Amino acid sequence: MTRSATARITRVRATPQVRAPREKLSGATRGERNCSVARTLDIVSDAWAFLIIREAFFEAKTFGAFRSALDIPRATLTDRLRKLTRLQIFRQVAADSGQRKQYRLTRMGFDLYPSFISLMQFGDRWLAGEKNPPLVLVHRSCGCESHPVVACSECASELEARGVQYRDGPGAGRKPAKPGRNTRRASDGSRFMLGRPSSVSRALEIIGDKWSFMVVREGFFGNRRYDYIQSELGIAPNILTDRLSRLVAQGIFHRRLYQSAPERYEYLLTEMGRDLYRPFITMLAWGDRWLAKGKPPLLLRHTKCGHDFHASVICDKCHKPVIAADMQYRLNYDPRDYGALGPRSIT
Ligand SMILES: [Zn+2]
Ligand SMILES: [Zn+2]
């Protein structure tokens, strides 16, 4: 039995004791809370977009390189590269004569690296099954095999969901929910397993859909009940029902009966679900940095050190923040099976 299956059965604990500022329910849908994670997910919850960015971390720069690494349909790749360039994740570098046009990550794009690492670690921990994680990271700065941790920017200790308090920041507020937006589930997750084995792909099979991740966010805020979640997200009931049942099947939530006539359930994050906290907080930090225009919707306080903080992904050996340029990879699988190249580094 896989580790995640075991966890589903035996290791369910209560949701973390954190609360988002919660307003009174007014009955009607009140629109979507301003949220840096939601803004980030608008960009990266498209699993293809995220995988294209991943390949850029692996040094892919041309249309052909992305296409052969991902086995992605041509029209889809064209569309995503255009979109990511418009969003300033990539910049196009003009082709010299005879050379192909290149797509290079911008600073904003490179800064997604910690989110990529935290998703990869989630995938390694819960979704790699009995196999070894596909990639081993070597940190150039210290020369060590690195297992980066998501840490508090102020005290450098590792962050956990239950150790963080939230309050409204200068960018707090709501925007009207747009019906129909993001209602479509990302296409069949198994498509993203094509190409190289990747813990990020595996993680995106679960959260490569914005609503799924927003439902998990409500779990971090301590919202366990259907009505609250629905009201917080301004999500259509049929979509919420669908996402909750998927997340239960995937081992992210555990359902608990809290009322019997009529039957009502609340949804508690499992240990696996709580482990999505690190990708969550890392994406939140990215959204605050690049999309919040200096006005973060939420301020975070680390209970342990008592300081307002942002999430920082640091090497577990030397405690320096990890950046893409300092990481080398060792493949933990035979690349000949996947047509990938040998060990490479990012320069
Ligand atoms: Zn701290
Ligand atoms: Zn290091």
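A quick note: this is a predicted structure, and the numbers were derived from the prediction, not measured. For every chain, the first residue of the written sequence is number 1, and numbering continues from 1 along that sequence. Each chain is given a letter, starting from A, and each ligand a number, starting from 1, according to the order in which they appear as written. Whole-chain, interface and lining totals are the exception, using all residues; otherwise, since this is a predicted model, local features are given only for residues with pLDDT of at least 70 and side-chain atom pairs are given and counted only at 80 or more.

*Asks:* Pulling in residues and values, what's your account of the overall build of the protein chain?
*Replies:* Under the DSSP-based scheme used, a helix requires at least four consecutive residues in state H or I and a strand at least two consecutive residues in state E, with every element numbered from the N terminus. From N to C terminus, the protein chain includes 13 helices and 13 strands. Among the 347 residues that make up the protein chain, the fraction classed as buried is 40%. Around each residue's C-beta, the other C-beta atoms within 10 Å are counted; 20 or more make the residue buried, 12 or fewer make it exposed, and counts in between make it partly exposed. All C-beta atoms are placed from the backbone.

*Asks:* Describe in detail the packing of helix α3 (residues 47-57) against helix α4 (residues 63-70), supporting the description with residues and values.
*Replies:* Interaxial angles span 0 to 180 degrees and are taken between N-to-C directions of axes, which are lines fitted to C-alpha atoms, for helices over the stretch in contact. Look at α3 against α4: their axes get within 10 Å of each other, and the N-to-C directions meet at 110°. Considered as vectors, α3 and α4 are oriented roughly perpendicular to each other. For the pair α3 and α4, the crossing hand works out as right-handed. Of α4, the residues touching α3 (which contributes L51, I52 and E55) are F66, A69 and L70. For classification purposes, an angle smaller than 35 degrees is called roughly parallel, one larger than 145 roughly antiparallel, one from 65 to 115 roughly perpendicular, and anything else oblique. For a crossing to be left-handed, the near helix must be turned anticlockwise from the far one by less than a right angle; the clockwise case is right-handed. Contact criterion: two residues are in contact if their C-beta atoms, reconstructed from the backbone, are within 7 Å.

*Asks:* So what about helix α10 (residues 226-233)? Which residues, and what values?
*Replies:* Considered for burial, the residues of α10 that qualify are I229, Q230, S231, E232 and L233. The positive-phi residue at the C-terminal boundary of α10 is G234, with phi of around 60°.

*Asks:* Pulling in residues and values, what's your account of the packing of helix α7 (residues 113-127) against helix α13 (residues 277-291)?
*Replies:* Two numbers describe how α7 lies on α13: the axes approach to 8 Å, and their chain directions differ by 170°. Relative to α13, the element α7 is oriented roughly antiparallel. Here P114, S115, S118, L119, Q121 and F122 of α7 lie close against α13, whose contacting residues are R278, P279, T282, M283 and W286. Among the residues forming the contact of α7 with α13, the class breakdown is 6 nonpolar, 4 polar and 1 charged. Only Asp, Glu, Lys and Arg are considered charged in this grouping, and only Ala, Val, Leu, Ile, Met, Phe, Trp, Tyr, Cys and Pro are considered nonpolar; every other residue, Gly among them, is considered polar.

*Asks:* I'd like a rundown of the environment of P148, residues and numbers included.
*Replies:* As for its placement among the helices and strands, P148 is situated in the loop between β5 (144-145) and β6 (149-152). Sequence separation between P148 and V313 is 165 residues, and the spatial gap between their C-alpha atoms is 6.3 Å. Dropping the residues within four chain positions of it, P148 is found in contact with I117, V313, I314, C315, D316 and V322.

*Asks:* Give me unusual backbone geometry: which residues, what numbers.
*Replies:* With an omega dihedral of -5°, the bond running from A261 to P262 counts as a cis peptide bond. Its location among the elements puts P262 in the loop between β9 (253-260) and β10 (263-269). Phi is positive for A156, which is not a glycine, with a value near 65°. Residue class for A156 comes out partly exposed when judged on the 13 C-beta atoms lying within 10 Å of it.

*Asks:* I'd like to hear about the pairing of β9, residue by residue, with values.
*Replies:* Relative to β10, β9 is paired through 7 bridges, and the arrangement is antiparallel. Paired with H254 across the two strands is L268, which belongs to β10. Between β9 and β10, which follow one another and run antiparallel, lie 2 residues. Here, strands pair whenever DSSP counts at least two bridges between them.

*Asks:* Please provide a residue-by-residue account of the sheet that holds β5, values included.
*Replies:* Strand order in this open sheet of 3 strands is β5-β4-β13, and the pairing throughout is antiparallel. Each edge of the open sheet carries a strand with a single partner, namely β5 and β13 (327-331). Taken together, the 2 bridges between strand β4 (residues 135-139) and β5 define a ladder with antiparallel strand orientation. Of the residues in β5, the one forming a bridge with H139 is C144.

*Asks:* Explain the confidence of the model for the protein chain to me, using residue names and the numbers behind them.
*Replies:* The predictor attaches a confidence to each residue, called pLDDT, with possible values from 0 through 100. The pLDDT averaged across the protein chain works out to 78; a share of 73% of its residues lies at or above 70. Contacts from residues 339-347, a stretch scored under 50 in pLDDT, to residues over four places away or in other chains number 18 contacts.

*Asks:* Lay out the nonpolar core in plain terms, naming residues and giving numbers.
*Replies:* One broad trend across soluble globular proteins is that nonpolar side chains are buried collectively. With 77 residues, the main nonpolar core has I52, I53, F280 and I281 as its most contacted residues. The biggest single contributor to this core is α3, with 9 residues. If near-sequence neighbours (up to four positions away) are discounted, F280 is found in contact with V37, R217 and F220. As used throughout, a nonpolar core is a set of buried Ala, Val, Leu, Ile, Met, Phe, Trp, Tyr and Cys residues joined through C-beta atoms within 7 Å of each other.

*Asks:* Summarise α4; cite the residues concerned and give the values.
*Replies:* For α4, every residue scored as buried is listed here: F66, A69 and L70. Each buried residue of α4 lies within a common arc of 80° when the element is viewed along its axis, so the set occupies one face. Buried-residue contacts for α4 involve α3 and α5 (74-86). A positive backbone phi angle near 55° is found at D71, which sits one or two residues after α4. By arc we mean the arc of the directions from the helix axis to the C-beta atoms, nothing more.

*Asks:* I'd like a rundown of the environment of I229, residues and numbers included.
*Replies:* Within the fold, I229 resides in helix α10. On the basis of neighbour count, I229 is assigned to the buried category, with 22 C-beta atoms found within 10 Å. Excluding residues that lie within four positions of it along the chain, I229 makes contacts with V215, E218, N223 and L240.

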